[in-house]
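# Remarks on the overall topology
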Number of protein chains: 2
Amino acid sequence: MALIVQKYGGTSVGTVERISHVADKVKAARERGDDIVVVVSAMSGETNRLVGLASEICTRPEPRELDVLLSTGEQVTIALLTMALETRGCAARSYTGGQVHIRTDDAHNKARIMAINAERVRQDLAAGRVVVVAGFQGVDDNGNITTLGRGGSDTTAVALAAELQADECQIYTDVDGVYTTDPRVVPEARRLNSITFEEMLEMSSLGAKVLQIRSVEFASKYNVKLRVLSSFKEGGGTLIQAEDDSMEQAVISGIAFNRDEAKLTILGVPDQPGIAARIISPVAGAGIEIDMIVQNIAEDSSTDFTFTVHRNDYDRAMDILPGIANELGAREVNGDDKIVKISLVGVGMRSHAGIASTMFDTLAAEGINIRMISTSEIKISVVVDEKYLELAVRALHSAFDLEQASA
Amino acid sequence: MALIVQKYGGTSVGTVERISHVADKVKAARERGDDIVVVVSAMSGETNRLVGLASEICTRPEPRELDVLLSTGEQVTIALLTMALETRGCAARSYTGGQVHIRTDDAHNKARIMAINAERVRQDLAAGRVVVVAGFQGVDDNGNITTLGRGGSDTTAVALAAELQADECQIYTDVDGVYTTDPRVVPEARRLNSITFEEMLEMSSLGAKVLQIRSVEFASKYNVKLRVLSSFKEGGGTLIQAEDDSMEQAVISGIAFNRDEAKLTILGVPDQPGIAARIISPVAGAGIEIDMIVQNIAEDSSTDFTFTVHRNDYDRAMDILPGIANELGAREVNGDDKIVKISLVGVGMRSHAGIASTMFDTLAAEGINIRMISTSEIKISVVVDEKYLELAVRALHSAFDLEQASA
C-alpha cells in the first residue's frame with residue numbers, strides 16, 4: 001500500500017463533469033489500495049473571474065485582500081470534489097490551506113511555504129478517508145490567508161508529499177507527460193518514461209511548460225518522486241526523480257526551444273573589468289529579465305557583448321542600450337528579434353564527448369547558421385534565425401535518435 | 001464616539017457598483033467618528049450559483065462540504081468590500097468567520113453561534129481600522145467550517161454587536177424600515193420610528209419579512225439595539241429595542257398579514273382529554289408546520305377543532321385528516337385554502353381595553369365575516385376569506401389611526 005499525493009490543475013477540474021471524472025479516478029486509485037491525498041486548483045476561469053471583480057473595484061487591490069478573494073477559488077473545488085467522492089461511497093474530507101496548517105511567510109500573492117503540520121491529514125488517512133486539500137494557499141503566522149502565486153498548487157502538492165513522505169506525487173495535467181520535444185514541431189517526439197530533476201528544470205525553464213519550476217526545485221530538494229500524467233488519457237506519464245545509474249544510457253533526454261527570444265549586441269566595447277555589469281545593470285534595473293549572456297574573447301582591446309531578452313522587452317531594451325554604448329565608448333549597437341533558442345538537455349552529456357560537435361555538424365548540414373552558443377553541464381543552447389526553428393529541431397531530434405524508445 | 005455594527009445583505013452587495021456604494025457609506029460613517037464593524041452576506045445570486053454547482057455533482061451534498069462551498073460566497077464579498085474601502089483611503093481588514101473565532105456547534109448548514117472571541121476585532125478597531133466580517137459562517141470546535149443557514153448574516157451581526165457591546169446594530173436591507181403594514185396594500189402605511197423586540201417578532205413571523213426571527217430573538221436576549229435601514233435610500237429606519245415607558249402611547253404598532261394560509265377543521269370530535277394531541281401529532285409528524293390552533297367549547301359531548309397550515313401543505317394535510325377523523329369517531333372533515341390571516345400587533349394592547357371590539361366592529365361594518373380568532377398578549381389574529389384581505393387591512397389601518405405620525 002502506497003501513499004500517493006495527486007494534484008489536479010484548473011483544466012482538469014474546469015467543469016462539474018470534469019470534477020466528477022476526477023472523482024472516478026481518485027476512487028479507482030483508492031480501491032487499488034493506496035492512501036490518497038488530492039490537491040486541487042481553482043476551476044479554470046475562476047481565478048480570472050475573481051481578479052476581474054477585484055479590478056472593477058480598484059486598480060491595485062490590497063494584496064492581503066486579494067488573497068482572501070482568490071483563495072475562494074480552490075475552496076469551491078475542494079468542496080465539490082469531496083461531495084463527488086462522498087456520493088460515490090468514497091469517504092473523503094476537504095481542507096483549506098489554513099485548516100491543514102500550511103504555514104507560509106507573509107508575502108501576500110507570492111508566499112512561500114515554511115512548514116506543514118499534516119497531523120490532521122494523517123488522522124484522516126488512518127481512518128480510511130481520501131483527503132482533499134486546496135492548493136495555492138496557506139496562512140501566515142497571524143492566521144492571515146496567503147496565496148503562493150499562480151501555479152502554486154503544484155508546490156502545495158510537492159510540499160504535502162514531502163511532509164507525508166509520500167511514495168509519489170502525481171501531477172495531473174492536460175499533457176500526458178514530458179516529451180523529447182514539442183510534438184507539434186516533431187511528430188515523432190516521444191514521451192519520456194523518466195527524467196531527472198535537473199533535466200526537468202532545464203526543460204521547463206526553456207519552454208516546455210509542464211510543471212512550475214518552483215515545484216520541481218522543491219521536489220528535488222526533498223527528493224519527492226514527481227510524476228506528470230494526463231487527467232484525460234490513460235498512461236504512465238513521466239516520472240521525474242533524482243539521477244540514478246540506470247539512466248546513464250540516455251545521452252540526450254530532450255530538445256527544448258523558445259520562440260520568444262530577442263538578442264541585443266554592443267559591438268566594440270572597451271575590454272575592461274566591470275564592463276558587463278555596466279551594461280546589464282541598467283537593463284535589469286528597468287525590470288527586463290535577461291536570459292543568455294555571451295561575451296567573446298577580446299580582439300585588440302575591444303570585445304562584443306550579446307544578451308537575449310523576452311521578445312516583448314526588445315523595444316525597451318533597445319531604447320536603453322545606445323545610451324550605455326555611448327557612455328562606454330562602444331562602437332555600435334545592433335539587435336534582432338527574429339531569433340529562437342534551441343537547447344539539447346541531458347544528464348548523459350556530462351559523460352559523453354562529442355555531443356556539441358554532433359549538434360553543430362547537424363545544423364551545418366542543413367545550412368543553418370549558429371548566431372550564439374551557450375553551454376552548461378547538462379545543456380547546450382544555440383541561437384538561430386527564427387525561420388530555421390522547425391528544421392533545426394527536427395534534424396537534431398533525428399540526429400540524436402530521440403524517436404527511439406530508450407530511457 | 002460610538003461603536004456601530006453594520007450589516008449589508010446580498011442585494012446591498014449584489015454587484016461591484018453596489019459594493020462600492022456600501023464602501024462610500026461605511027467610509028462616511030467612519031468619518032463621522034464612529035468605530036465600524038461591517039458584516040456582509042454573499043453577493044445576491046452567488047449562494048444559488050454555488051448550490052447549483054453542488055446539485056450538479058450530487059443530489060444530496062454532504063453537509064460539511066456544502067458549508068465549505070457556501071462559505072466562499074461571503075469570503076468573496078469581504079475581500080471586495082475591504083479592497084473598496086482601502087482604495088478610498090479608509091483603513092480596513094477582512095475576516096472570515098473562522099478568523100474571528102465565531103465558534104458554533106457542529107450542526108452543518110444550520111449551526112448556532114456558541115461564542116465569539118472578538119479580540120482581534122478590538123485590536124483592529126483600536127488601530128483605527130474598519131473591520132469587515134463574513135456573515136453566515138463560523139467554525140466548530142474542530143476547526144470545520146459551518147454555516148448558520150440562510151439569513152444567518154443578521155445573526156452574525158447581532159452576535160458581534162453583543163460581544164463587542166456595540167451601541168447599535170444596523171441592518172441595511174432593501175426596505176427603509178418596518179411599516180405599520182405593507183405599503184403595497186395600504187399606500188398610507190407609515191414607517192415606524194421604533195418598535196419593541198416582541199412586536200417585531202410578531203410582525204416578522206406574521207409575514208413582514210424584514211429581519212430573520214432568530215436575529216431578533218438574539219438581539220432581544222442580549223439587549224442589542226437593532227436598526228433596520230435601507231442601503232439605497234437615506235433615512236433613519238426603524239429602531240428595534242426593549243420596551244420603555246415612552247412607547248406607551250402607541251396602542252397598535254402595525255398590522256401584519258399572511259396570504260399563504262389554509263385552514264382545516266374536524267367537526268364533531270368527541271370531547272375527551274388527549275384529542276388535540278391525537279389530531280396534531282400525525283400532521284406534525286408528516287413535517288407539516290402548524291400555525292394557529294383553535295378549539296371551541298364543547299357542545300353536547302363533542303367539539304370542533306381547527307388549525308391552519310401553509311397553503312402548500314394543504315393537500316397533504318387534507319390527505320391525512322380523514323383517517324384521523326375516522327379513528328376518533330369525528331363527524332366530518334372540511335377545509336379551505338382561500339383564507340388569509342390578519343393580525344393587529346402592539347405592546348400597548350396589554351394596557352388598553354377595547355382593541356378587540358374595535359377590530360371586530362370595523363370588520364363587521366365592512367361586511368367581512370370572521371372565520372377564526374386567536375389572541376396573544378400583544379396580538380389579535382383573525383382569519384377571513386382571501387377576497388377580503390385588502391379591504392380588511394385598509395379598514396383596520398384607518399380605524400386605528402396608523403397613518404398618523406406617532407410612536
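Keep in mind the model is a prediction, meaning the values are calculated, not measured. (Residues numbered from 1 in each chain as written. Chains lettered and ligands numbered in written order. Predicted model: local features only at pLDDT ≥ 70, side-chain atom pairs only at ≥ 80, totals over all residues.)

### Looking at the overall build of chain A
Within chain A, the regular secondary structure consists of eleven helices and 18 strands. Computed over the C-alpha atoms, the radius of gyration of chain A is 24 Å, within 12% of the 22 Å expected from 2.2 N^0.38 for a compact globule of 407 residues. The buried share among the 407 residues of chain A stands at 48%. Across chain A, contacts joining residues at least 24 apart in sequence account for 75% of those joining residues at least 6 apart. (Helix = DSSP H or I, 4+ residues; strand = E, 2+ residues; numbered from the N terminus. Rg over C-alpha atoms; globule rule 2.2 N^0.38 Å. Buried ≥ 20, exposed ≤ 12 C-beta atoms within 10 Å, placed from the backbone. Contact = placed C-beta atoms within 7 Å.)

### Here's the deal with the environment of Ile 288 of chain A
Residues and elements named next belong to chain A. Looking at the element boundaries, Ile 288 is found in the loop between helix H8 (275–285) and strand S14 (290–295). Classification of Ile 288 by C-beta neighbours within 10 Å gives partly exposed; the count is 18. In this structure the C-alpha to C-alpha distance between Ile 288 and Arg 331, which are 43 residues apart in sequence, comes to 23 Å.

### With respect to the relation of the copies chain B and chain A
The operation relating chain B to chain A is a screw motion whose rotation component is 180°, with 0.0 Å of axial translation and a residual RMSD of 0.1 Å. Viewed as a symmetry operation, the transformation between the two copies matches a two-fold axis. Within chain B, the C-alpha atom positioned nearest to the axis of rotation is that of Thr 72 of chain B, 2.7 Å from it. (Least-squares fit on C-alpha atoms with pLDDT ≥ 70 in both.)

### Comments concerning the interface of chain B and chain A
By a widely used convention, the size of an interface equals the accessible area lost when the partners come together. Tallying the contact residues gives 27 residues for chain B and 27 residues for chain A. Those elements that place two or more of their residues in the side of chain B that touches chain A are helix H1 (16–31), helix H2 (46–57) and helix H3 (63–87) of chain B. When the residues that make up the side of chain B that touches chain A are grouped by side-chain class, the tally is 15 nonpolar, eight polar and four charged. (Nonpolar A, V, L, I, M, F, W, Y, C, P; charged D, E, K, R; others polar.)

### Describing the sheet that holds strand S18 (residues 379–385) of chain B
All names here are of chain B. Strand order in this open sheet of six strands is S14-S15-S13-S16-S18-S17, and the pairing throughout is antiparallel. The open sheet has two free edges, formed respectively by strand S14 (290–295) and strand S17 (370–376), since each of these has just one partner strand. Geometrically, the sheet is characterised by an average inter-axis angle of 30° between neighbouring strands, direction not taken into account. Relative to strand S15 (residues 302–310), strand S13 (residues 254–270) is paired through eight bridges, and the arrangement is antiparallel. For Thr 265, the partnering residue across the bridge sits in S15 and is Thr 306. In the packing of helix H9 (residues 314–328) onto the sheet, the strands contacted are S13, S15 and strand S16 (332–345), and the crossing angle to S13 comes to about 25°. Contacting S16, S17 and S18, helix H10 (residues 355–365) crosses the sheet at an angle of about 15° to S18. (Pairing = 2+ DSSP bridges. Axes fitted to C-alpha atoms, helices over the stretch in contact; angles between N-to-C directions.)

### Some thoughts on the packing of helix H1 (residues 16–31) of chain A against H2 of chain B
At a minimum axis separation of 9 Å, H1 of chain A and H2 of chain B run at an interaxial angle of 45°. Viewed along their axes, H1 of chain A and H2 of chain B adopt a mutual orientation that is oblique. In this structure, the crossing between H1 of chain A and H2 of chain B has a hand that is right-handed. Contacts between H1 of chain A and H2 of chain B pair Val 16, Ile 19 and Ser 20 of chain A from the former with Leu 53, Glu 56 and Ile 57 of chain B from the latter. Here the residues of the contact of H1 of chain A with H2 of chain B are counted per class, giving four nonpolar, one polar and one charged. (Parallel < 35°, antiparallel > 145°, perpendicular 65-115°, else oblique. Left-handed = near helix turned anticlockwise from the far one by under 90°.)

### A short note on the pairing of S16 of chain B
All names here are of chain B. Summarising the sheet, S13 and S16 pair through eleven bridges and their orientation is antiparallel. Counted as the bridge partner of Gly 254 is Val 345 from S16. Two elements, S16 and S18, share seven bridges in a ladder whose sense is antiparallel. Looking at the pairing, Val 340 lines up with Val 384 of S18.

### Description of the domain arrangement of chain A
The domain boundaries assigned to chain A delineate domain 1 (3–174) and domain 2 (255–399). Inter-centroid distance (C-alpha atoms) of domain 1 of chain A to domain 2 of chain A is 40 Å. (Domains from an automatic or database assignment.)

### Considering helix H5 (residues 152–164) of chain B
Between its first and last C-alpha atoms H5 of chain B spans 18 Å; for 13 residues at 1.5 Å apiece the expected length is 18 Å, and the two agree. Positive backbone phi, approximately 50°, marks Gln 165 of chain B, located one or two places after H5 of chain B. (Expected span 1.5 Å × (residues − 1).)

### Things to note about unusual backbone geometry
Of note in this structure, Phe 136 of chain A is not a glycine but carries a positive phi near 80°. Residue position: Phe 136 of chain A is located in the loop between strand S6 (130–134) and strand S7 (137–139).

### Some points on the sheet that holds strand S10 (residues 194–196) of chain B
Strand pairing within a sheet occurs via backbone hydrogen bonds; the two strands may be parallel or antiparallel. All names here are of chain B. Here eight strands make up an open sheet; going across it, the order is S3-S6-S2-S1-S9-S11-S12-S10 and the pairing mixed. Edge positions in the open sheet fall to strand S3 (92–95) and S10, since each of these has one partner strand only. Across the sheet, the mean angle from the axis of one strand to that of its neighbour is 20°, orientation sign disregarded. Two elements, S10 and strand S12 (residues 238–241), share three bridges in a ladder whose sense is parallel. Its bridge partner lying in S12, Thr 196 is registered against Gln 241. Across the face of the sheet, H3 comes into contact with strand S2 (35–40), S3 and strand S6 (130–134) while running at roughly 165° to S6.

### A short note on the nonpolar core
Of all hydrophobic cores here, the largest spans 233 residues; its most connected members are Leu 80, Leu 81 and Leu 160 of chain A together with Leu 80, Leu 81 and Leu 160 of chain B. Setting aside residues no more than four positions away along its own chain, Leu 160 of chain B makes contact with Val 5, Val 37, Val 39, Ile 116, Ala 118 and Val 133 of chain B. (Core = buried A, V, L, I, M, F, W, Y, C linked by C-beta atoms within 7 Å.)

### Here we look at the environment of Val 185 of chain B
Residue and element names in this part refer to chain B. Relative to the assigned elements, Val 185 resides in the loop between strand S9 (168–173) and S10. Separated by 200 residues in sequence, Val 185 and Asp 385 have C-alpha atoms that sit 16 Å apart. Beyond its immediate chain neighbours, meaning those up to four positions away, Val 185 contacts Glu 390 and Val 393.

### Brief notes about the pairing of S6 of chain A
Residue and element names in this part refer to chain A. For S6, the buried fraction is high: five of the five residues fall into the buried class. Across the two faces of S6 the burial is the same, with Val 130, Val 132 and Ala 134 and Val 131 and Val 133 all buried. Note: strand S3 (residues 92–95) against S6, four bridges, orientation parallel. Note on S6: the bridge partner recorded for Tyr 95 is Val 133.

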